[in-house]
Amino acid sequence: DSGYEAWLAYPAVPSGNQRDQYLQWCKYVEADTGNTTIRAALTEWKRGMQSMLGLGVLEGQESGAPRIILGTWNEGNPLITTVFDEETIRSTGPEGFAIRCSREHQCIAIGASAPVGVLYGVFHLLRLMGTLADLEELDEVIRPVNGLRMINHWDNFDGSIERGYAGRSFLYENNRFIDEPERLRDYARLMSSTGINGISINNVNVHQQETLFISKEYLSDVARIADQFRDYGIRLFLSVNFAAPMHGGDLDTADPLDPQVRQWWRAKAAELYEAIPDFGGFIVKADSENRPGPFTYGRNHADGANMLAEALEPFGGLVIWRCFVYNCKQDWRDRKTDRARAAYDHFKPLDGQFKDNVILQIKNGPMDFQVREPVSPLFGALEKTNHLIEFQITQEYTGQQRHLCYLVPQWKEILEFDTYAKGEGSPVKRVVDGSLWGNRCSGMAAVTNVGRDVNWTGHLLAQANLYGYGRLSWDPELSAEAIASEWTALTFGSNPDAARIVIAMLMDSWNIYESYTAPLGVGWMVNPEHHYGPNVDGYEYSQWGTYHFADHQGIGVDRTLNTGTGYSGQYMGLNAERYDSVESCPDELLLFFHHVPYTHVLHSGKTVIQHIYDTHFEGAEQAAELVNRWSSLKGRIADSLYDQVAERLKGQAVHAKEWRDQINTYFYRKSGIEDMQQRTIY
Ligand code: BDP
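As the structure is a computational prediction, the values presented were derived from the model and not from experiment. (Residues numbered from 1 in each chain as written. Predicted model: local features only at pLDDT ≥ 70, side-chain atom pairs only at ≥ 80, totals over all residues. Heavy atoms only, no water.)

Engineer: Quick one: what's the story with the overall build of the protein, residue by residue and with numbers?
Structural biologist: Check the secondary structure of the protein and you find 21 helices and 18 strands. For a compact globule of 682 residues, the expected C-alpha radius of gyration is about 26 Å, and the protein comes in at 26 Å, within 12% of that figure. The principal-axis extent of the C-alpha atoms belonging to the protein is close to 80 × 65 × 50 Å. The 682 residues of the protein split such that 63% are buried. Long-range pairs, those at least 24 residues apart, make up 72% of the contacts in the protein with a sequence separation of at least 6. (Helix = DSSP H or I, 4+ residues; strand = E, 2+ residues; numbered from the N terminus. Rg over C-alpha atoms; globule rule 2.2 N^0.38 Å. Buried < 20%, exposed > 50% of the residue type's maximum accessible area, 1.4 Å probe, protein only. Contact = heavy atoms within 4.5 Å.)

Structure, rendered in structure tokens:
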């Protein structure tokens, strides 16, 4: 047991009432197998039954015996439409499903409009059984809340992964596509089981080699991946280089208003759709961190995105255009170019100018996936433009999968954040699911954390982030704890005592990580480039726009309206005032918005400097405590899984001390202020 099966390990259901109930209903299955997705659902079902109940499921019906029935409304077993009423049938939507246990018909039925709904239904039923749910009262319609539920890979063709912490790519090696259909299918199964319906397979930084993905030479390889994904309801997307028309020497410009350039993309789209009829579309990082883009030609981002959108439109394709656009060669004297302001300043004025098949992809915060940032003020501000929220599952700034950091609580907090866009009660989750402004396309995207490591994510517990992201993108109402609890049961089996420990560790981990790393929302105290480990001034004297401004008197970035960069003014309603005033700004974001003396007293009653000392001592202690908490699981979960995590946690504990000592020492030396508790500072 290596962790490879992840949350589809289907641990045996322990004997007892629930097992008896499952055995009673699950011996037989009926499904119409004319469709590859339904076949995939059936295969999954059989696999689950074998593993959970030791059942070799029989297909077809033994007269009158209880059974599982799978099918779509229009094809297959007519019983499907008998078990559900018309209202239910109408309400499942394109990707949802209905599930019901009917004693009258002696079946548990899963019905949907499309085969993928049936597949989602099967995964749902397996999850219910994996968490020992009662099946006999089942009667519900389940639909995804978000239309797009995307995963972004940052894999490079050479096999490396930008910000990857779980080994090399399982898609490519040495500028070739890896031919491992089984692993790819297992990946598709894992993703689909959480509800993912779109995957972009290459890095947003598209280098020369990956530009070739859209050339005839490689299209058949890309199509092969798309074929695998298709069975699991996943559409394939590609990141493209904005200057691609110039790469093969075809053209000498990539100007989006140039007719030849437009024609080049139109022809390219036609080629792509010939190879992959359900191709999802393009992801574009333009004019950012030295990537090409429309600015080169004096055009704006609507010009750029619309040009690509026009090419994809006849085929139903989407352009996902990233808002991570900022000047990475900053001159701080021009405060108005504050990096935090950039996404809003670039895109807010363009609201309403994008074509209908363009979706803007906005990072959750204004900077870059720090352990703590405010929510991007663009959420709520774009009334007439489709958009997605972008999260980062890969733990670039949150411990690189060497530290435990369950990110679902962070994502939940962001999704619940009230933007005030339409007055009180306009949370990000309603912006993101498209309901607040009535967007046609919307949802979530996230940079994935998987690689070739046997357990996919390096740190076994980082699987919970991958699982959690998928589940949250399907249903943002799920609580972080409920997701942790599902994941734990599905991965380790049902053992309530063990589950309690794992869930609590997951739930505490984000706060622990935050405590011993960058304090009070200031961010960026990491080593440049690879971003692992403490380095308070690592980014302080560079051009990236990532400062903390610590001197001997104080620390923090003044982003207020009157004396700072004015960033606080990008928020709406109460948020603008709340952040702008040093009195009302929440402690955890204080240094993001304000420059204050070390002696400034927080709402918690502590001074900033004492807060820094205390949280760093506590955080390092809690990290050490994680090792003990985990050790109480020895013998209660499989050793092979236990050992993987024990190893990582030990490393985390050592490393948390390094963070503690570097941060505390730095601020002790800068400020000259003693720790009130007289603990050791080097
Ligand atoms: C930053 C990463 C960088 C990415 C960039 C992006 O450090 O590797 O290319 O974001 O999102 O977090 O484009």
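Engineer: Give me the lowdown on the sheet that holds strand β1 (residues 28-31), citing residues and values where you can.
Structural biologist: Strand order in the open sheet formed by 6 strands is β2-β1-β3-β5-β4-β6, with mixed pairing between adjacent strands. The open sheet terminates on both sides in strands that have one partner only, identified here as β2 (58-59) and β6 (139-142). With 6 bridges connecting them, strand β3 (residues 67-72) and strand β5 (residues 107-112) associate as parallel partners. Across the sheet, T72 pairs through a bridge with A112, a residue of β5. In the packing of helix α1 (residues 17-26) onto the sheet, the strands contacted are β1, β3, β4 (97-102) and β5, and the crossing angle to β3 comes to about 60°. (Pairing = 2+ DSSP bridges. Axes fitted to C-alpha atoms, helices over the stretch in contact; angles between N-to-C directions.)

Engineer: Let's hear about the environment of V325: which residues, and what values?
Structural biologist: As for its position among the elements, V325 is in the loop between β13 (318-322) and α12 (342-347). According to the relative accessible area criterion, V325 is buried, its value standing at 3%. Through-space distance from the C-alpha of V325 to that of N575 is 23 Å; in sequence the pair is 250 residues apart. Aside from chain neighbours lying at most four places away, what touches V325 is A286, D287, S288, F295, H301, A342, A343, H346 and F347.

Engineer: Now, about the pattern of salt bridges: what can you tell me, with residues and values included?
Structural biologist: The full count for this structure, using the stated rule, is 46 salt bridges. The closest approach of N and O atoms between K429 and E477, which form a salt bridge, is 3.2 Å. Placement of K429 in helix α14 (residues 428-432) and of E477 in the loop between α15 (463-474) and α16 (480-492) is noted, with a sequence separation of 48 residues between them. K429 sits in the buried class, given a relative accessible area of 9%. A relative accessible area of 42% places E477 in the partly exposed class. Residues joined in a network through salt bridges with shared partners are K412, E416, K429, R430, D433 and E477. (Salt bridge = Lys/Arg side-chain N within 4 Å of Asp/Glu carboxyl O.)

Engineer: Provide a residue-level description of the UniProt feature "domain: Glycosyl hydrolase family 67 C-terminal" (unreviewed entry) in the protein, including the pertinent values.
Structural biologist: Using the residue numbers shown here, the UniProt feature "domain: Glycosyl hydrolase family 67 C-terminal" (unreviewed entry) corresponds to residues 457-679. The distance separating the terminal C-alpha atoms of residues 457-679 is 37 Å; by composition the span is 52% helix and 2% strand. (UniProt positions renumbered as here; feature names shortened; annotations may be inferred.)

Engineer: Before we move on, could you go through α1 and cite the residues and values that matter?
Structural biologist: Of the positions making up α1, those classed as buried are Q18, R19, Q21, Y22, W25 and C26. Down the axis of α1, the sector holding all buried residues measures 160°, keeping them to one side. Where α1 is buried, its residues touch β1, α2 (36-53), β3, β4, β5 and α5 (115-130). (Arc of directions from axis to C-beta.)

Engineer: Outline the site of the ligand, listing residues and values.
Structural biologist: Around the ligand there are 13 residues in total, and E162, K285, R322, K363 and E396 lie nearest to it. Between the ligand and the protein, one listed contact pairs an oxygen atom with a side-chain N or O atom of E162 at 2.4 Å. Within the contact set of the ligand, an oxygen atom lies 2.9 Å away from a side-chain nitrogen or oxygen of R163. Coverage of the ligand by the protein chains reaches 97% of its 320 Å² of free accessible surface. Residue classes in the shell around the ligand are distributed as 3 nonpolar, 2 polar and 8 charged. (Near = heavy atom within 4 Å. Polar contact = N/O pair within 3.5 Å; in protein donor to acceptor, adjacent residues only side chain to side chain. Areas by Shrake-Rupley, 256 points an atom, 1.4 Å probe, with all protein chains shown as cover. Nonpolar A, V, L, I, M, F, W, Y, C, P; charged D, E, K, R; others polar.)

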